[in-house]
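So you can see what is in the structure, the chains are spelled out below.
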Amino acid sequence: MARKSLIQREKKRQKLEQKYHLIRRSSKKKISKVSSLSEKWEIHVKLQSPPRNSAPTRLHRRCFLTGRPRANHRDFGISGHILREMFHTCLLPGAIRSSW
């Protein structure tokens, strides 16, 4: 299990990203429409004003069950070792274990 503080920090980042998403998107559209360099710099400064944790690149995909930040599968939303355990207990229909 991941530490509870790290999971809460990640949830806080997700909330911040949702809060500032429209501001970031609108300012990026304005930058593409403006032709003068000085106006682009002014908009760029406004784009840097939201908190750093509101950037979408700071988000991590975590396991739904354990909170593990690494080896996550996008299709299932769980980490690799939990997925393997579910394969072995036949909890995922249609999934076939490989054996060699």
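On a predicted model such as this, the values are computed, not experimentally measured, just so you know.

Focus on the domain arrangement of the chain
1) Next: Split into domains, the chain comes out as domain 1 (1-56) and domain 2 (60-99).
2) Next: Relative to domain 2, the C-alpha centre of domain 1 lies at a distance of 31 Å.
3) Next: Opposite the six residues of domain 1 that make contact, domain 2 presents six residues.
4) Next: Interface area, domain 1 with domain 2, both sides summed: about 450 Å², of which 49% is carbon and sulfur.
5) Next: Summed over the shared surface of domain 1 and domain 2, the result is zero salt bridges.
6) Next: In this structure, the connection of domain 1 to domain 2 is made through one residue pair in polar contact (both at pLDDT 80 or more).

Thoughts on the nonpolar core
1) Next: In this structure, Cys 63, Ile 78, Ile 82, Leu 83, Met 86 and Leu 92 together form the largest nonpolar core, which totals six residues.
2) Next: Counting residues per element, this core draws most heavily on helix 3 (residues 80-88), at three residues.
3) Next: Leave out the neighbours within four places in its chain, and Ile 82 touches Cys 63, Leu 65 and Thr 66.

Here we look at unusual backbone geometry
1) Next: Non-glycine residue Ala 71 carries a positive phi angle of around 60°.
2) Next: Of note, Ala 71 is situated in the loop between helix 2 (37-47) and strand 1 (72-73).
3) Next: At Cys 90, a residue that is not glycine, the phi angle is positive and equals roughly 60°.

Cut-off values and rules
Residues numbered from 1 in each chain as written. Predicted model: local features only at pLDDT ≥ 70, side-chain atom pairs only at ≥ 80, totals over all residues. Heavy atoms only, no water. Domains from an automatic or database assignment. Contact = heavy atoms within 4.5 Å. Buried area = accessible area lost by both parts, 1.4 Å probe. Salt bridge = Lys/Arg side-chain N within 4 Å of Asp/Glu carboxyl O. Polar contact = N/O pair within 3.5 Å; in protein donor to acceptor, adjacent residues only side chain to side chain. Core = buried A, V, L, I, M, F, W, Y, C linked by side-chain atoms within 4.5 Å. Buried < 20%, exposed > 50% of the residue type's maximum accessible area, 1.4 Å probe, protein only. Helix = DSSP H or I, 4+ residues; strand = E, 2+ residues; numbered from the N terminus.

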